[in-house]
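# Observations on the three-dimensional arrangement
Read off the chains here:
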Amino acid sequence: MYDHQNLEKKWQKRWQDSALYQTGTDPAKPKYYILDMFPYPSGAGLHVGHPKGYIATDIFARRRMMQGYNVLHPMGWDAFGLPAENYAIKNKLHPRAATAANIATFKRQLGLLGLSYGWDREINTTDPKYYKWTQWAFLEMWKKGLAYESSEPINWCPSCQTGLANEDLEDGKCERCGSDVEQKPMRQWVLRITDYAERLLADLEKLPDWEESIKEMQKNWIGRSEGAEIDFKIKDTDQAIKVFTTRVDTIFGCTYVVLAPENKLVVALKERVKNWPAVEAYLAEVKNKTDLQRTDLNKEKTGVLLEGMQAVNPFSGEAVPIFIADYVLNSYGTGAVMAVPAHDERDFEFAEKYACRIRKSVASLDDPENKTFGGCYTADGVLVNSGEFSGLSSESARLRMADWLEEKKCGLRKINYKIKDWVYSRQRYWGEPIPLIHCAKCGVVPVPEEELPLMLPEVDSYEPTGTGESPLAAITDWVNIKCPSCGGPAKRETNTMPQWGGSCWYYLRYIDPDNNEALVDKQKEAYWSPVDFYVGGAEHATRHLIYARFWHKFLYDLGVVSYDEPFTKLKHVGLIMGEDGRKMSKRWGNVINPDEMVAKFGADALRVYEMFMGPFEQAANWNTNGLVGTRKFLEKIERLSAEGPLPVKEDKKLLSLLHKTIKKVGSDIENFRLNTAVSALMILANELTEYRNAHQAWPFDAARFSCLLQILAPFAPHLSEEIWERLGNQGSIFKSVWPQFDPALIKDETVNLAISINGKLRATIEAAADISEDEAVVLARDNEAIQRWLAGKEIAKIIFVPGKLLNLVVK
RNA sequence: GCCGCGGUGGCGGAACUGGUAGACGCGCUGGACUUAAAAUCCAGUUGUAGCGAUACAGUGCGGGUUCGAUUCCCGCCCGCGGCACCA
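Residues numbered from 1 in each chain as written. Chains lettered and ligands numbered in written order. Predicted model: local features only at pLDDT ≥ 70, side-chain atom pairs only at ≥ 80, totals over all residues. Heavy atoms only, no water.

### Things to note about the overall build of chain A
As a reminder, the rule being used: Going along the chain from the N terminus, every DSSP run of H or I of four or more residues is numbered as a helix, and every run of E of two or more is numbered as a strand. Buried residues are those whose accessible area, probed at 1.4 Å on protein chains only, stays under 20% of the maximum for their type, while exposed residues exceed 50% and partly exposed ones sit between those limits. The criterion used for residue contact is that any of the two residues' heavy atoms lie within 4.5 Å. Calculation of accessible area relied on Shrake-Rupley with a 1.4 Å probe; when residues are assessed, cover is drawn exclusively from the protein chains displayed. Here Asp and Glu are counted as negative and Lys and Arg as positive; His is not counted, and neither are the chain ends. Working definition for charges: the position is that of NZ of Lys, CZ of Arg, CG of Asp or CD of Glu.
Counting its secondary structure elements, chain A contains 26 helices and 33 strands. Buried positions account for 54% of the 811 residues belonging to chain A. Contacts spanning at least 24 positions in sequence make up 72% of the contacts within chain A whose residues lie at least 6 apart. With the model as given, the accessible surface of chain A reaches about 35,900 Å², and the carbon-plus-sulfur share is 50%. Chain A carries 101 positive and 111 negative side-chain charges, and their two centres are separated by 1 Å.

Written out as structure tokens, the structure is:
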């Protein structure tokens, strides 16, 4: 009888009592640090999809344990941030209480699954002992000038009532609540992640064990483009419009210049603009558009001519008109472009509408008139109408023209990035207080290090104020303090840090969770770091994973960590969708609760099923029938040993299969191909069952049978441990040594040799594994079916793949 | 539009660097056991034709390379994810 409920309870208790999962620290052993992205303890608890990644890392960790590693496999809570706070507000709880309750639920649910976390290293980003170091790292950034105050317009979510970083948007909407985001000028703390853009991009090369897709997403996000910044002097003034372009080679085709509506030059030029009322009207029109409307690619381009002025092309000396148009973004490059309608589609579209000149300066090699391109040829070619540069290829022209610019001092080579500096302050309660003080006399002064952590104070109301200030601003006796520098009156910074702050470095804290003197002890860091294997959702590719790399590089520059990339190997977990193929959510009523599944089918069956569903990285639809299948598989294993060991009647083939399975399961776990590992275990179980039924015996002894349990144990720990004990083995199966396969036993003596004629399979013949080509041909000629295909034909060619196939080409 | 990933039975999915397509699981069909059912065990299950051995077709579509292509190349179609007036 497979009584999973009692069995799981029994072993979970024993494992806990014996501290099985305590992180090993034997310095003689190699280390392995395997990490899950720690969860956000939401109010809804876990659904069946959440633990998929945890189960996979648990399997990996248990195997490493059995391979004799010190394994660090910790878990903790990313508990600051908007959802927890919103949940608390909705349920009229203090966020701290809501968070604690949610963590308890999560922890209980994870426990039910038999995950091997060493809870002695549990961390929580909302714990002052933890966020002391988040604040400390922030202050170090501030000291290095990497945290700065800015009043530029930022993304503002009117529903969450807080500023947001670019990374917090999805399709121009708040990633959390889906509201349309506005641009609002606000005083903000911003982190200079752009200073690290080049390293964040270049160092992706150091990460061969990251999935290509994630690296591509980061590359896109960082968005490096190489080009030039060029000064277009405004005629009859000493001012100039700076434009950024990646296509200097097209500059002789420039027929006008465009400023973004928000470009500061626009207002600066007010006095000289002859049609200012029209310009002002356009600016107002643009201001009324939402970001979504503005960036809608299908909308018609609009703009307005700045009358009474012209910009001078430094190459040709030609004066061209200046427009304002909102297809130029102020937030990228210089907020101004040189328009080359003949070689840029956006400029072309605008030029057609506003009847600007279109002048070709690059000719296609295949079609020098660019006739086939409908007036707009955007690829590289040969320069024409380009003065001394005519005749050059685009590529060499870009080099020569950049040289020319720098020589004449009217421009320079420039690299631009799409990534923006990280808007780091939130006008909300539930976050780490930013440990800075504003003094009228001294300016911004840091909270002295010995006063960290700066505790998040209690407030009467932690609901967002909507005034652009956080609820902390209302606590006057907290806000008003003496300046630590001059002793004069000063005010605390009242914004808090964003949700992503605490998760930027948490993986370091697991290494040394209780250290009050340092973020992490150097020796311990040197031993455990970097994280060998990191597993989590792909949605973090351009948020957490960029932020954490940024912080880590900063900490590396500070000398806090010994290597400049935090995560050696990275895999993303594919979502588990509902049975209807949609994302699991309350909204669709398709959520499957793991507690129920564990109660009904057992934690082991659930674990095996989630691994068996398909490739780990791939999304898969839940199907409870599949869970029934893995349950049956475990029952089959249980039955094989229900009354303890059976008499042994040795069988070579099955012993060989056992060793093949040991090999396959090992390499599959290593490659995270857990679905095929399960399938290999199933095949072995099926064969053993068949043998048992035929002979009322095992094909090998209990010691070898135990090997099956050892390779099953990471997947189905409770049942494996139970049978392990039942067979008389001493100590926990997870203290045993992972079995080795015997290469000699894996070799097959005979194979089914495929015989094909002209590449089509016509027969299979059982033959010795090391059969020679000549012998194989003899066998084939003896075969009746093959004889029919050879009748009246001549063998023109023989292809022989040893141990696999013989192909006869006949005419 | 750009970048990435994918398309294989009724379903989830296997198939190592080109070498027996459909492993394993679900579902379905039949059988054994049972008074019966469940469970279990055994057999079958890509399509078409045939009682059958077998033959032909078959991995999104159209071509190509090869003795041989799910795998490689060229041109398309569809789905998913990311980025997007980024100059």
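Now that the structure has been shown, the text picks up again.
### Some words on the protein's contact with RNA strand B
Cut-off, in case you're wondering: The criterion for a residue being near a molecule or strand is simple. One of its heavy atoms has to lie within 4 Å of it. As used in this structure description, the phrase polar contact means that two N or O atoms lie within 3.5 Å; if the pair is within protein, one of them must be able to donate a hydrogen and the other to accept it, and residues adjacent in sequence are counted only when both atoms belong to side chains.
Taken together, 58 residues surround RNA strand B, and among them K299, K301, R346, R673 and N807 come closest. In RNA strand B, the atoms that sit within 4 Å of the protein are 62% sugar and phosphate, with bases accounting for the remainder. One of the side-chain nitrogen or oxygen atoms of N675 is found 2.9 Å away from a phosphate oxygen of RNA strand B. A distance of 2.2 Å separates a base oxygen of RNA strand B from a polar atom in the side chain of N807.

### Regarding the packing of aromatic side chains
Keep this limit in mind: Only rings of Phe, Tyr and Trp enter the pairing, Trp through its six-membered ring, and a pair is recorded when the two centres are within 6.5 Å. The plane angle decides the type: under 30 degrees is stacked, over 60 is edge-to-face, the rest tilted. Here, a charge over a ring is recorded when the distance from Lys NZ or Arg CZ to the ring centre is within 6 Å and its angle to the ring normal is within 35 degrees.
One pass over the full model with this rule turns up 44 aromatic pairs. Between F80 and W430, the ring centres sit 4.9 Å apart and the planes meet at 70°, which makes this aromatic pair edge-to-face. Taken together, the positions of F80 in the loop between strand 3 (76–77) and helix 3 (82–90) and W430 in the loop between strand 21 (422–423) and strand 22 (436–439) put the pair 350 residues apart, joining distant regions of the chain. On the accessibility criterion, F80 (1% relative accessible area) is buried. Overall, the relative accessible area of 3% leaves W430 in the buried class. One aromatic cluster is present, formed by F138, W189, W422, Y424, W500, Y547 and W551 through successive ring pairs. Taking NZ or CZ as reference, R63 lies 5.0 Å from the ring centre of W738, over its face. Lying over the aromatic face of F533, K569 brings its terminal NZ or CZ to 4.7 Å of the ring centre.

### Observations regarding the nonpolar core
For the record, the criterion: For our purposes a nonpolar core is just a set of buried Ala, Val, Leu, Ile, Met, Phe, Trp, Tyr and Cys residues, chained together by side-chain atoms within 4.5 Å.
Counting 175 residues, the largest nonpolar core has W422, Y506, L519, W551, W622, F705 and F715 as its most contacted members. The element contributing the most residues to this core is helix 21 (residues 674–695), with ten residues. Other than its neighbours up to four places away in sequence, F705 contacts L640, S641, L688, W698, F700, I723 and L727. Counting residues in each nonpolar core, the second largest holds 52 residues, with V258, A260, V279 and Y282 among its members.

### Some words on helix 19 (residues 624–640)
Going by this rule: In a helix, the anticipated span is given by 1.5 Å times the number of residues less one.
The end-to-end C-alpha distance of helix 19 is 25 Å, a good match for the 24 Å that 17 residues give at a rise of 1.5 Å each. Along helix 19, the residues classified as buried are T624, L627, T630, R631, F633, L634, I637, E638 and L640. Against helix 1 (4–17), helix 17 (594–601), helix 18 (603–612), helix 21, helix 22 (702–712) and helix 23 (717–726) lie the buried residues of helix 19. Where helix 19 begins, the side chain of N623 points an oxygen toward the backbone nitrogen of N625, at a separation of 3.0 Å.

### Description of the packing of helix 17 against helix 18
Working note: a packed helix pair is described by the angle between its axes plus the distance between those axes. Operational definition: Orientation is described by lines fitted to C-alpha atoms, with helices fitted over the stretch in contact, and by angles between N-to-C directions that extend from 0 to 180 degrees.
Two numbers describe how helix 17 lies on helix 18: the axes approach to 7 Å, and their chain directions differ by 115°. For the pair formed by helix 17 and helix 18, the contact residues are P594, M597, V598 and F601 on the first element and A603, A605 and L606 on the second.

### A short note on the packing of helix 19 against helix 23
Worth spelling out the cut-off: We call two directions roughly parallel when the angle between them is under 35 degrees, roughly antiparallel when it is over 145, roughly perpendicular when it lies between 65 and 115, and oblique otherwise. Classification convention: Asp, Glu, Lys, Arg as charged; Ala, Val, Leu, Ile, Met, Phe, Trp, Tyr, Cys, Pro as nonpolar; all other residues, Gly among them, as polar.
At their nearest, the axes of helix 19 and helix 23 sit 11 Å apart, and the two run at 5° to each other. Relative to helix 23, the element helix 19 lies roughly parallel. Contacts from L634, I637 and E638 in helix 19 reach L719, I723 and R726 in helix 23. Tallied by class, the residues present in the contact of helix 19 with helix 23 amount to four nonpolar, no polar and two charged.

### Some details on the side chain of T162
Checked against the element boundaries, T162 lands in strand 7 (residues 162–164). Given the relative accessible area of 0%, T162 is considered buried. If we ignore the near neighbours within four places in the chain, the residues touching T162 are L82, N155, W156, C157, R426, Q427 and R428.

### A short note on the pattern of salt bridges
Spelled out, the test is: Between Lys or Arg on one side and Asp or Glu on the other, a salt bridge is scored when a side-chain nitrogen of the former is within 4 Å of a carboxyl oxygen of the latter.
The final tally for this structure, using the stated rule, is 55 salt bridges. With its nearest N and O atoms 3.1 Å apart, the salt bridge here joins K143 to E140. On the criterion of helical spacing, the pair formed by K143 and E140 is a turn pair, its members being three residues apart in helix 5 (residues 128–143). In this structure K143 comes out as partly exposed when scored by relative accessible area, which is 48%. Since its relative accessible area comes to 10%, E140 is described here as buried. Residue E226 is joined to R224 by a salt bridge in which the shortest nitrogen-to-oxygen separation is 2.7 Å. Among the residues examined, E226 registers a relative accessible area of 54% and is labelled exposed.

### Here we look at the layout of surface pockets
Here is the rule: Think of a 1 Å grid over the protein atoms and nothing else: a 1.4 Å probe that fits but is trapped marks a cavity, an open set flanked by protein within 12 Å on at least five of seven lines marks a pocket, and residues with an atom within 4 Å of a point count as lining. Grid points are joined across faces, edges and corners, and a volume is the space filled by probe spheres set on the points.
In this structure, the second largest pocket spans a volume of roughly 460 Å³. The wall of the second largest pocket is formed by 18 residues, among which K652, K653, S656, K660 and D748 lie closest to the centre. Elements with a minimum of two residues in the lining of the second largest pocket: helix 20 (652–670), helix 21, helix 24 (743–746) and strand 30 (750–757). The dominant element in the lining of the second largest pocket, judged by the number of residues it contributes, is helix 20, at six residues.

### Some points on helix 20
In this model helix 20 runs 27 Å from its N-terminal to its C-terminal C-alpha over 19 residues, within 8% of the 27 Å that 1.5 Å per residue would give. Within the sequence span of helix 20, burial applies to L654, L655, S656, L657, L658, H659, T661, I662, V665, G666, D668 and I669. Lining the buried residues of helix 20 we find helix 2 (51–66), helix 21, helix 22 and helix 24. One side-chain oxygen at the N-terminal end of helix 20 lies 3.1 Å from the backbone nitrogen of K653; it belongs to D651.

### Focus on the sheet that holds strand 11 (residues 188–191)
Put simply, the rule is: A strand pair is defined by DSSP finding two or more bridges across the two strands.
Pairing in this open sheet of three strands is antiparallel, and the strands run 5-11-21 from one edge to the other. Each edge of the open sheet carries a strand with a single partner, namely strand 5 (147–150) and strand 21. Examined bridge by bridge, strand 5 and strand 11 share four bridges and lie antiparallel to one another. From the neighbouring strand, E149 faces strand 11, where its bridge partner is W189. The strands touched by helix 5 are strand 5 and strand 11; relative to strand 11, the strand with the most contacts, the crossing angle is about 85°.

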